[in-house]
Amino acid sequence: MSHANACLTPAGRLRLAQLVVDQGWSLRRAAERWNCSVTTAKRWADRYRAQGRAGLVDRASRPKNSPRRTPTRRERRVVGLRVSRRWGPARIAYRLKMTVSTVHKILRRYACPPLAWTDPATGVRIKWARKKANSYVHDAPGDLVHVDIKKLGRIPDGGGHKVLGRAEGKRNRRRGVGYWYIHNAVDDCTRLSYSELLEDERKETAAGFWQRANAYFDAAGITVKRVLTDNGACYRSKLFAEALGEDIAHSPTGSTPTITTAVTPRSAASHQPTLCPTCVDRTTRTPATGMAIGQERRRSLRRRERRVSAFA
């Protein structure tokens, strides 16, 4: 099936066929005009002559006859084993001496749910759809613009180590060929993007890139309201915030950092769990773990006695 922006949609096919049938264009001239082959131009012209506009829509690619299709009786045996014994395609294929792909297509044809979607005890279907992707697309252009940086290694003139070998690649590495930093800005609604190939990812570079990207979006008629970036240093800088201005909200991912206190002997001791041999789960306890717990318990008691004797 052709996509929405293709040249030879049903409307495009109609114009192509009308040029050949109604206006008398040659097939070669019409094919050159629509950037397709002469065979394609002839196909749509012949269908237009025979069926009119109804013949220009997409047809199913399924053949009319399938003489080598699996017999219906064998398909019923596959479905019967799936329902009665709840076997997978591999086991059914081994039992019936068939290929796994054929069994899988039969199960899909008869709408048999995956075994993970059924109750193991009764076989009743308990799940009806796959988990939907957690995705979103904003409704209006400019509601959210994604800004990010892609770091790529530069390829020296003449090729890298894939062409010249590892030895030349090491020499190029010592010469400091460096990296390219691709700064990208993509509108979430329209997917309109703006990219630049820059030398670094410093705050001055990121701020200048955003000013040019914002001007590009403004020229396209998109007013940016919110920018989403990662938690990089260049995006957390004051210079980048000044480049955004007061009218554009900034939402860095991971903007709430996890604050941890410094590890001291006192804090480390307070966070260590107290292990007791009688509190360990018997299903996971082994003689080695029991001995280790007992030794740790005795060490802690000796340390406590030494602290008490020191203050006595």
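Residues numbered from 1 in each chain as written. Predicted model: local features only at pLDDT ≥ 70, side-chain atom pairs only at ≥ 80, totals over all residues. Heavy atoms only, no water.

What about the overall build of the chain?
Consideration 1: A tally of helices and strands in the chain yields 12 helices and 5 strands.
Consideration 2: For the chain, long-range pairs separated by at least 24 residues make up 52% of all intrachain contacts whose partners lie at least 6 apart in sequence.
Consideration 3: Counting only carbon and sulfur atoms, one obtains 53% of the accessible surface of the chain, whose full area is about 23,400 Å². (Helix = DSSP H or I, 4+ residues; strand = E, 2+ residues; numbered from the N terminus. Contact = heavy atoms within 4.5 Å. Areas by Shrake-Rupley, 256 points an atom, 1.4 Å probe, with all protein chains shown as cover.)

Here's the deal with the environment of Val21
Consideration 1: Along the chain, Val21 turns up in helix H1 (residues 10-21).
Consideration 2: Assessed through its relative accessible area of 29%, Val21 is described here as partly exposed.
Consideration 3: When the C-alpha atoms of Val21 and Ala45 are compared, they prove to be 6.6 Å apart, with 24 residues separating the residues in sequence.
Consideration 4: Apart from residues lying up to four places away in sequence, Val21 is in contact with Ala45, Tyr48 and Arg49. (Buried < 20%, exposed > 50% of the residue type's maximum accessible area, 1.4 Å probe, protein only.)

Quick word on unusual backbone geometry
Consideration 1: The phi dihedral of Asn35 falls on the positive side, at around 55°, and the residue is not glycine.
Consideration 2: You can see Asn35 is positioned in the loop between helix H2 (27-33) and helix H3 (38-51).

Let's talk about the pairing of strand S3 (residues 193-198)
Consideration 1: The two faces of S3 differ: Tyr194, Glu196 and Leu198 on one face are buried, but Ser193, Ser195 and Leu197 on the other face are not.
Consideration 2: Two elements, strand S2 (residues 179-187) and S3, share 6 bridges in a ladder whose sense is antiparallel. Looking across to S3, one finds that Val186 is bridged to Ser193.
Consideration 3: Connecting S2 to the next strand, S3, in antiparallel fashion are 5 residues, including Arg191 with a positive phi near 65°. (Pairing = 2+ DSSP bridges.)

A short note on the side chain of His183
Consideration 1: Tracing the backbone shows His183 in strand S2.
Consideration 2: Among the residues examined, His183 registers a relative accessible area of 0% and is labelled buried.
Consideration 3: Side-chain polar atoms of His183 contact the backbone oxygen of Asp200, separated by 3.0 Å.
Consideration 4: Once residues within four sequence positions are removed from consideration, His183 is found in contact with Asp148, Ile149, Tyr194, Ser195, Glu196, Leu198, Asp200, Glu201, Thr205, Ala206 and Phe209. (Polar contact = N/O pair within 3.5 Å; in protein donor to acceptor, adjacent residues only side chain to side chain.)

Some details on the confidence of the model for the chain
Close inspection of predicted coordinates is inappropriate for parts of the model with low pLDDT.
Consideration 1: When the pLDDT values of the chain are averaged, the result is 81; 80% of them are 70 or greater.
Consideration 2: Note that pLDDT drops below 50 for residues 256-287; the model gives that stretch 11 contacts with residues more than four away or on any other chain. (pLDDT = per-residue confidence, 0-100.)

Section: the sheet that holds S2
Consideration 1: On the basis of which strands lie adjacent, the open sheet formed by 5 strands has the order S3-S2-S1-S4-S5 and mixed pairing. Both outer strands of the open sheet, S3 and strand S5 (249-252), are each paired with one neighbouring strand and no more. Neighbour-to-neighbour, the strand axes of this sheet turn through a mean angle of 20°, independent of strand direction.
Consideration 2: Against the sheet, helix H9 (residues 203-219) engages strand S1 (145-153), S2, S3 and strand S4 (226-229), with an angle of about 150° to S3. (Axes fitted to C-alpha atoms, helices over the stretch in contact; angles between N-to-C directions.)

Some details on the environment of Asp247
Consideration 1: With respect to the secondary-structure elements, Asp247 resides in the loop between helix H10 (238-244) and S5.
Consideration 2: Accessibility expressed as a relative area gives 73% for Asp247, which makes it exposed.
Consideration 3: Here the alpha-carbon distance between Asp247 and Arg226, two residues 21 residues apart in the chain, equals 8.5 Å.

Brief notes about the pairing of S1
Consideration 1: Relative to S2, S1 runs antiparallel, the two being bridged by 9 bridges. Pairing of Asp148 across the sheet is with Asn184, part of S2.

What to know about the packing of aromatic side chains
Consideration 1: Tallied over the entire structure, the rule returns 4 aromatic pairs.
Consideration 2: Taking 5.7 Å as the distance between ring centres and 25° as the angle between the ring planes, the aromatic pair formed by Tyr194 and Phe209 counts as stacked. Highlighted residues: Tyr194 in strand S3 and Phe209 in helix H9, separated in sequence by 15 residues. Comparing Tyr194 with Phe209 shows no difference in burial state: the two are buried.
Consideration 3: Above the face of the Trp34 ring, Arg33 is positioned so that its terminal group lies 5.2 Å from the ring centre. (Phe/Tyr/Trp six-rings, centres within 6.5 Å; stacked < 30°, edge-to-face > 60°. Lys NZ or Arg CZ within 6 Å of the ring centre and 35° of its normal.)

Examining helix H6 (residues 100-109)
Helical geometry note: an α-helix holds 3.6 residues per turn, so side chains three or four residues apart project in the same direction.
Consideration 1: Buried within H6 we find Val103, Ile106 and Leu107. When H6 is viewed along its axis, its buried side chains cluster within an angular range of 100° and face the same direction. In H6, those exposed residues whose orientation departs by more than 90 degrees from the buried face are Lys105 and Arg108.
Consideration 2: Contacts made by the buried residues of H6 are with helix H4 (72-85) and helix H5 (89-96).
Consideration 3: One or two residues past the end of H6 sits Ala111, with phi positive at roughly 60°. (Arc of directions from axis to C-beta.)

A closer look at the pattern of salt bridges
Consideration 1: Overall, the coordinates contain 8 salt bridges when judged by the stated rule.
Consideration 2: The residue Arg49 makes a salt bridge to Asp46 at a minimum N-O spacing of 3.0 Å. Of the two residues, Arg49 and Asp46 are both situated in helix H3; the distance of 3 residues between them amounts to about one turn of the helix.
Consideration 3: Here Asp46 falls in the partly exposed class, since its relative accessible area comes to 32%.
Consideration 4: Here Arg109 ties to Glu75 by a salt bridge, and the two come within 2.5 Å at their closest N and O atoms. Here the residue Arg109 occupies a position in helix H6, and Glu75 occupies one in helix H4, the gap between them amounting to 34 residues.
Consideration 5: Judged by relative accessible area, Arg109 falls into the partly exposed class, the value being 44%.
Consideration 6: For Glu75, a relative accessible area of 1% puts it in the buried group.
Consideration 7: Counted as one network, the salt bridges with shared partners bring together Lys42, Asp46 and Arg49. (Salt bridge = Lys/Arg side-chain N within 4 Å of Asp/Glu carboxyl O.)

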